[in-house]
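# Residue-level structure breakdown
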Amino acid sequence: MKRNTLTFTIGLLLVLIFGALLFMFQVRQTEVALVTTFGKPTRDYNTDPNKPEPGLKVKWPWPIQKVQKFDKRIQNFEDKFSETQTHDGKNVLVAVYAGWTISNPKLFRERFTGSIPRAEQSLGNLISDAKYAVVGKHPFSHFISTNPQELKFAQIESEIESRIKDAAQAQYGIRINFLGIKKLGLPENITQKVFDRMKEERGRVVAGIKAQGDSEANKIISAADRDRAEILSKADATAIEIHGKAEAEAAKAYEIFEKNPELALFLKKIDTLEQSTKERTTLILDQRTPPFDLLDGLQKTAPRKNP
Amino acid sequence: MSEPHDHHGHDHEAPIPAPISVEDSGSQALSEALRSSFGIVKIIMFVLVIVFIGSGIFTVPPNQKAVVLRFGKTSSATREQLLGPGLHWSWPYPIDEKVFIPISEIQTVTSSVGWYAINPDGTEPQAGQSLNPALDGYALTADGNIIHARVTLDYQITDPISYVLNFKDAKETVTNALDNALLDAAAQFNVDDAVRLERSAFKDKVVQLFSRAVEQQQLGIVVGSSKLESIPPRQVNEAFNAVTAAEQESSTTNNAAKSAASTMLSTALSESNSIVNTAISDRAKLLSSVRAESTNFLDRLPAYERNPQLFRQLLLTETWRKVLANAEDKEVMPDRADGKPRELRLQLNREPESDEYRARRQKQKAEQNPVTPPK
């Protein structure tokens, strides 16, 4: 009895496993699944990115229903680096990249028999057309500019994206998750012209730097000159002030001479005489000048003596 | 795979007891044989179950994490579910599935969309006349110039489930976003700013645009350190070097001017000091001479008042003595015989002054000029 129960349990378990294999299938988080009934698509799973529904699902066993799974993860697509014209007639090379996912497995299977390379080929054509159309609507200054109002880099990207978004969804069963410019360039012969222009520009920059440097140096020197003149004139003013004060003080001290102006004048004269004859002086005196007036007497007496 | 096989083994075990009642030595031997073979099958089955369950043991290597998908799904996308490094067990394949994630590892991505072609052996090919768009990458600056720019960026995966399960090749998506950010940022800077003056602002812009993009694309990563190289094209390198040289020259001129200016100022300051000091010492000199004069005056006043005539004569004579002693040449002209004064005619020939004498005289003049005692 006990043995039979065990056997029965194991048997039931095996039947369950077998049944599960026949009637159930799992959808990974990274996959979308399409169920076909007699080759005709009837249901899909896990296609909404906002409402993921991975896990175990039921189906009728083969040959009634069949499950086909596709990669749900975001695929990277890179466009060709191709030449086109901007609105103002400039030739530019632009390549875009896009992240895309399979959003409608039924349509995707129908269109590309589930082949990702074939899907990318069609997607490439779609993106190229949109790229040429959008780039042709914008002047070159929308691609490069220091002015944030002028620069439309992100806007150009979103215009391309919105242009293909609906078509990709409706025709290919593909969702464009994001799109951006991956390469931006100029035709090869233009690059050489750009180099020539850059060299010219550098020449101007060099001249500008030199001129500016010289004028700055001049400014520094002339400012210093001005400062020096100011300092010196201030010093002169201070000196004059000091002298003035000194003279005023001296004048006050001279008041004492009023006690006897005659003597004061006499002393001054004496002093002046002494000072002015200190050096390299030749004195020519006659005999009336004291003390040579003594000679006068001598002279008068001498002739009287001699004869 | 092995279930249908097991199923067969068990299904046959149940009907076996019925034929055993038959009294037949041949069938008895057969049932004996079957019994023993079922025993072997049971052992094999047991071993298979052990192997099946044991195959669920796995190791998460260091620097990695793992996430287990049960029937293809994670029950809730939280970090707690991540299995750290070490030994783990999960149900084997059809039930559970494990995905390894390089999480704590810092990932590095380089955008070389703006760099010129480099040979496979790492050497740089000679720069041509122009840039071939198929080979040489570059970025356009806001003023329509060409630069080469390359950015290397570290990032850390913060949402590993999204990073691994939502992207076919997340690393390539990250690279694309970085390429895009680099071009977009370069388009907003003039060439001088991009390669010389505002390189860090340029880098910050790249990182900012990149961070915004990866957030929008829900890559689940966080930007770490980054490095940006930006250079002018090699074809115009010389012209750019000339600018650097001019700048250096200009700064040399500037420094020279600055040092000349500071010399001028310090000279002016010391000159100014000496002017003021001279004035101060002149003042002291004047005052002391005035004081001396007045002292002299007061000293002599009583003597003068006693006998002015005598005082005058004495002092005059005394002074004369000094004057005469000092004088270099002295000529005494006696009166003519008729008692009238003699007439004297001098022919003066200006004697060239010696340098020493001139300097001394000027100095004396300078000392006397500013201070003229009042009359």
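Note that the coordinates shown come from a computational prediction; the quantities given were computed from them, not determined experimentally.

### A few points about the overall build of chain B
Counting its regular elements, chain B contains 10 helices and 9 strands. Counting across all 375 residues of chain B, residues that qualify as buried make up 25%.

### Description of the packing of helix α6 (residues 261–276) of chain A against helix α9 (residues 308–326) of chain B
At a minimum axis distance of 9 Å, the contact between α6 of chain A and α9 of chain B shows a crossing angle of 10°. When the interaxial angle is binned, α6 of chain A and α9 of chain B end up roughly parallel. Along the contact surface, α6 of chain A presents F266, I270, L273 and E274 of chain A, while α9 of chain B presents R312, L315, L316, T319, K322 and V323 of chain B. The class makeup of the residues in the contact of α6 of chain A with α9 of chain B is 6 nonpolar, 1 polar and 3 charged.

### Remarks on the packing of helix α5 (residues 188–254) of chain A against helix α8 (residues 237–306) of chain B
Orientation of α5 of chain A relative to α8 of chain B, taken along the N-to-C sense of each, is 5°, at an axis distance of 9 Å. In terms of orientation, α5 of chain A lies roughly parallel with respect to α8 of chain B. In terms of residue class, the contact of α5 of chain A with α8 of chain B is built from 37 nonpolar, 10 polar and 17 charged.

### Some remarks on the sheet that holds strand β3 (residues 40–45) of chain A
All names here are of chain A. Spatial strand order, β3-β2-β5: 3 strands in an open sheet with antiparallel pairing. Looking at strand neighbours, the two that pair on one side only are β3 and β5 (65–71), the edges of this open sheet. Between one strand axis and the next, the sheet turns by 25° as a mean value, whatever way the strands run. By the bridge criterion, 7 bridges tie strand β2 (residues 31–37) to β5 in an arrangement that is antiparallel. Counterpart to T36 in the pairing with β5 is K66.

### Quick notes on the interface of chain B and chain A
At the interface, 108 residues of chain B touch 104 residues of chain A. Sorting the residues of the side of chain B that touches chain A by element identifies α1 (3–13), α5 (170–186), α8, α9 and β9 (329–333) of chain B as the ones contributing at least two each. Counting residues per element, the side of chain B that touches chain A draws most heavily on α8 of chain B, at 37 residues. Considered class by class, the residues forming the side of chain B that touches chain A number 55 nonpolar, 29 polar and 24 charged. As defined by bridge partners, strand β10 (residues 282–286) of chain A adjoins β9 of chain B across 5 bridges and the pair is classed as parallel. Residue pairing across strands places L283 of chain A opposite K330 of chain B, the latter belonging to β9 of chain B.

### Quick notes on unusual backbone geometry
Positive phi is not limited to glycine here, since F38 of chain A has a value of about 50°. Within the secondary structure, F38 of chain A is located in the loop between β2 and β3. The class for F38 of chain A is exposed, based on 10 C-beta atoms found within 10 Å. Look at Q218 of chain B: it is not a glycine, yet its phi comes out positive at around 55°. Looking at where Q218 of chain B falls in the secondary structure, it is placed in the loop between α7 (199–216) and β8 (221–231). Judged by local crowding, Q218 of chain B falls into the partly exposed class, with 16 C-beta atoms found within 10 Å.

### Observations regarding the environment of K40 of chain A
Along the polypeptide, K40 of chain A turns up in strand β3. Each C-alpha atom of the pair K40 of chain A and K106 of chain A lies 9.5 Å from the other, and the pair is 66 residues apart in sequence.

### Examining helix α4 (residues 153–172) of chain A
For α4 of chain A, spanning 20 residues, the distance from its first C-alpha to its last is 27 Å, which sits close to the expected 28 Å at 1.5 Å a residue. Along α4 of chain A, the largest kink reaches about 30° and is centred on I164 of chain A. Within α4 of chain A, the full set of buried residues consists of F153, I156, I160, E161, I164, A168 and Y172 of chain A. On its buried face, α4 of chain A is in contact with β8 (91–102), α2 (105–112), α3 (116–135) and β9 (174–185) of chain A together with α5 of chain B. A positive phi of about 70° marks G173 of chain A, the residue just after α4 of chain A.

### Notes on the confidence of the model for chain B
All names here are of chain B. Confidence along chain B averages 81 in pLDDT terms, with 87% of residues attaining 70 or more. Contacts from residues 1–15, a stretch scored under 50 in pLDDT, to residues over four places away or in other chains number 19 contacts. Interface scoring of the predicted complex returns ipTM 0.73; its pTM is 0.68.

### Side note on the nonpolar core
Formed by 93 residues in total, the largest nonpolar core has its most connected members in L182, A186 and V206 of chain B. When residues of this core are assigned to their parent elements, the largest contribution, 9 residues, is made by α5 of chain B. Counting residues in each nonpolar core, the second largest holds 11 residues, with I231, A246 and A250 of chain A together with A268 of chain B among its members.

### With respect to the confidence of the model for chain A
Predicted confidence across chain A gives a mean pLDDT of 86, with 94% of residues reaching 70 or more. Note that pLDDT drops below 50 for residues 302–307 of chain A; the model gives that stretch 0 contacts with residues more than four away or on any other chain.

### Thoughts on the environment of E110 of chain A
Residue and element names in this part refer to chain A. With respect to the helices and strands, the residue E110 is situated in helix α2. Exposure remark for E110: the 13 C-beta atoms within 10 Å place this residue in the partly exposed category. Residues E110 and Y172, spaced 62 residues apart in sequence, show a C-alpha to C-alpha distance of 8.8 Å.

Reading guide: rules and limits
Residues numbered from 1 in each chain as written. Chains lettered and ligands numbered in written order. Predicted model: local features only at pLDDT ≥ 70, side-chain atom pairs only at ≥ 80, totals over all residues. Helix = DSSP H or I, 4+ residues; strand = E, 2+ residues; numbered from the N terminus. Buried ≥ 20, exposed ≤ 12 C-beta atoms within 10 Å, placed from the backbone. Axes fitted to C-alpha atoms, helices over the stretch in contact; angles between N-to-C directions. Parallel < 35°, antiparallel > 145°, perpendicular 65-115°, else oblique. Contact = placed C-beta atoms within 7 Å. Nonpolar A, V, L, I, M, F, W, Y, C, P; charged D, E, K, R; others polar. Pairing = 2+ DSSP bridges. Expected span 1.5 Å × (residues − 1). Bend = angle between axes of the 7 residues up to and from the residue. pLDDT = per-residue confidence, 0-100. Core = buried A, V, L, I, M, F, W, Y, C linked by C-beta atoms within 7 Å.

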